[in-house]
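# Examination of the molecular architecture
The residues making up each chain are set out below.
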Amino acid sequence: MTQGTRPIGEDDLNAYVDGALDDARRALVEQWLRAHPDIRRRVEKDIEIARHLRETLAPLGDVSLPDRFRMENLRARRRQRWAGRLRQVAAAVVLVAISGAGGWILRGQLATGAGAAPETEVVAALAAHRVFVPEKLHPVEVSAKARDHLGTWLGNRLGRPVPIPDLTDEGLTLMGGRLLPGPDGPAGQLMYQTASGKRVTLYLQPTRGKASAFAFARKGDVGTLAWRSGRLDLVLTGPIARDELIRIAHVIRPAAL
Amino acid sequence: MKTRDQEIEACILHLRRFAHALTGDGDRADDLVQDTVERALSRWNLRKPGLELRPWLFTILRNLHISAHRRALRMVSDQHADIETVHSLDSSAEQRIELKQVLDLLSALPDEQRMAILLVSVEGFSYAEASKIMNIPQGTLMSRLNRARGKLRELVSTPPAQRLRRVK
């Protein structure tokens, strides 16, 4: 090391990884690293990891801005929220006035109000999956031979178009489907089978609300992938890996808009 | 007025990316970003003159995230414990899976270390800016970065995981 310069420290190594050194210091660090191969490998690994994080996360910041984040919309929602809060506060004041300290309970309600995850349909889908998948004689109500009829019939009962996705490219053969009692009325189940006899079901239930991301859950040996298309809540269930479920769901999703 | 809106909108994409990587959940991230911008609008006049917009917004987001995190810790039951969200992007399934792997990796870090590495390595803030956003001395930031890097190296080189394997 040259006399009169500070020894290389952890701070230099970090700054080297982050590209925060000036040219002179960087040259010094590089020279030092050549003499310390163990640390050089560590530092190179750090650089590689940082690059991987940056590259993988980059697309998250490189999308079009959703309407929700247009400033005029943000401002409008802020006004609405204020109005809503004022109403809640006014209601709380009235209640406190009427019931004295009893109004305190309202406190809890003011604090909640977050959106709920789609859970009831996952429970319903899993229940239907467990009941009908082991069935030998009557796994489905309407067989795949009457595919068109199955789509129209379920569509009529669910009150909206119901897709019957073709998943043969994914190694899944349609067996058929059935009508089910859902938590809020009619729901449907489509059943598919792999060449090795594994059965995968797609649960469909009418909904309103905006399209959602995929939510994965695992219960014992089966995995479920739930999402909302805007018109339907869909739950894909089967004894297969999560990534496989995601891959299949990507084929189904465009059909279920 | 107009330029202010444009300035904020330009930051929102970065805020969303940071929030998503921080929480590991796209929907929660967007709620956090919305709260951040609303908070910023309500405090616009309290902002110190000369303070840059982007670090300021990140500071607000960080504070909201921490208080939300504390609230969550106080909640006794977590019914969604075994449900994870795979955020939908307009990209291929492979990219999505790779993103999921990176988010999994990051979720193995303590909150403060994750924040440090994201601010510096992904969002490109200087050490001075990042330590200001996190409200910690620069030395503390450096030791958090060090620990985050050590942990990530360890996770990446764990044999069976192969978590950083490039898909393509």
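In this text the structure is predicted, and so the values were computed from the model without any measurement.

### So, the overall build of chain A
Looking only at helices and strands, chain A features eight helices and seven strands. Taking the intrachain contacts of chain A between residues at least 6 apart in sequence as the baseline, contacts between residues at least 24 apart amount to 50%. Split by element, the accessible area of chain A, about 14,300 Å² in all, is 55% carbon and sulfur.

### So, the overall build of chain B
Helix and strand content of chain B: seven helices and one strand. Order of helices (α) and strands (β) in chain B, N terminus to C terminus: α-α-α-β-α-α-α-α. Counting over 168 residues, chain B shows a buried share of 51%. Within chain B, residue pairs in contact and separated by at least 24 positions form 64% of the contacts whose partners lie at least 6 positions apart.

### Observations regarding the nonpolar core
In terms of nonpolar packing, the biggest core is built from 68 residues, with Leu-57 of chain A together with Ile-12, Leu-106 and Leu-119 of chain B touching the most fellow members. In this structure, Leu-154, Leu-174, Phe-214 and Leu-245 of chain A belong to the second largest nonpolar core, which totals 27 residues.

### Observations regarding the environment of Thr-36 of chain B
All names here are of chain B. Note that Thr-36 resides in helix α2 (residues 26–42). What makes Thr-36 buried here is its relative accessible area of 0%. The spacing of Thr-36 and Ile-60 is 24 residues in sequence and 6.0 Å in space, taken between C-alpha atoms. Ignoring anything within four residues of it in the chain, the contact list for Thr-36 reads Leu-57, Ile-60, Leu-61 and Leu-64.

### Here we look at helix α2 (residues 23–34) of chain A
Every α-helical turn comprises 3.6 residues, leaving residues that sit three or four positions apart pointing alike. Residues and elements named next belong to chain A. Given a rise of 1.5 Å per residue, twelve residues ought to cover 16 Å, and the 17 Å separating the end C-alpha atoms of α2 matches this to within 8%. Listed as buried for α2 are Arg-25, Leu-28, Val-29, Trp-32 and Leu-33. Across the axial projection of α2, the buried residues extend over an arc of 135°, all falling on one side. α2 presents Asp-23, Ala-24 and Arg-34 as exposed residues on the side facing more than 90 degrees away from its buried surface. Lining the buried residues of α2 we find α1 (10–17) and α3 (37–61).

### Comments concerning the interface of chain B and chain A
With 56 residues of chain B at the contact, the number on the chain A side is 50 residues. In total, about 5,000 Å² of surface goes out of reach between chain B and chain A, with carbon and sulfur atoms giving 60% of it. With a shortest N-O distance of 2.6 Å, Asp-18 of chain A and Arg-149 of chain B are connected by a salt bridge. Elements supplying a minimum of two residues to the side of chain B that touches chain A: α1 (2–23), α2, β1 (83–86), α4 (93–107), α5 (111–122) and α7 (138–156) of chain B. For the side of chain B that touches chain A, the residue count by class is 27 nonpolar, ten polar and 19 charged.

### Considerations on the packing of α3 of chain A against α5 of chain B
One can describe the packing of α3 of chain A onto α5 of chain B by two numbers: an axis separation of 10 Å at closest approach and a directional angle of 80°. In terms of orientation, α3 of chain A lies roughly perpendicular with respect to α5 of chain B. Between α3 of chain A and α5 of chain B, the residues in contact are Ala-50, Leu-53, Arg-54 and Leu-57 of chain A and Ile-117, Leu-118, Ser-121 and Val-122 of chain B, respectively. Tallied by class, residues from the contact of α3 of chain A with α5 of chain B come to six nonpolar, one polar and one charged.

### What about the packing of aromatic side chains?
Residue and element names in this part refer to chain B. Tallied over the full model, the rule gives four aromatic pairs over all chains. Their ring planes at 75° and their centres at 5.8 Å tell us that Trp-44 and Trp-56 sit as a pair that is edge-to-face. Taken together, the residues Trp-44 in the loop between α2 and α3 (53–74) and Trp-56 in helix α3 connect sequence positions twelve residues apart. For Trp-56, a relative accessible area of 11% translates into the label buried. Ring plane angle 75° and centroid distance 4.9 Å describe the contact between Phe-58 and Phe-125, whose orientation is recorded as edge-to-face.

### Brief notes about the confidence of the model for chain A
Across chain A, the average pLDDT comes to 83, with 84% of residues at 70 or higher. Low pLDDT, under 50, characterises residues 100–118 of chain A; the predicted model gives this stretch eight contacts beyond four residues in sequence or across chains.

### Describing unusual backbone geometry
Residues and elements named next belong to chain B. In this structure, Asn-135 is a non-glycine residue whose phi angle is positive, near 60°. With respect to the secondary-structure elements, Asn-135 resides in the loop between α6 (127–134) and α7. What makes Asn-135 exposed here is its relative accessible area of 65%.

Calculation criteria
- Residues numbered from 1 in each chain as written.
- Chains lettered and ligands numbered in written order.
- Predicted model: local features only at pLDDT ≥ 70, side-chain atom pairs only at ≥ 80, totals over all residues.
- Heavy atoms only, no water.
- Helix = DSSP H or I, 4+ residues; strand = E, 2+ residues; numbered from the N terminus.
- Contact = heavy atoms within 4.5 Å.
- Areas by Shrake-Rupley, 256 points an atom, 1.4 Å probe, with all protein chains shown as cover.
- Buried < 20%, exposed > 50% of the residue type's maximum accessible area, 1.4 Å probe, protein only.
- Core = buried A, V, L, I, M, F, W, Y, C linked by side-chain atoms within 4.5 Å.
- Expected span 1.5 Å × (residues − 1).
- Arc of directions from axis to C-beta.
- Buried area = accessible area lost by both parts, 1.4 Å probe.
- Salt bridge = Lys/Arg side-chain N within 4 Å of Asp/Glu carboxyl O.
- Nonpolar A, V, L, I, M, F, W, Y, C, P; charged D, E, K, R; others polar.
- Axes fitted to C-alpha atoms, helices over the stretch in contact; angles between N-to-C directions.
- Parallel < 35°, antiparallel > 145°, perpendicular 65-115°, else oblique.
- Phe/Tyr/Trp six-rings, centres within 6.5 Å; stacked < 30°, edge-to-face > 60°.
- pLDDT = per-residue confidence, 0-100.

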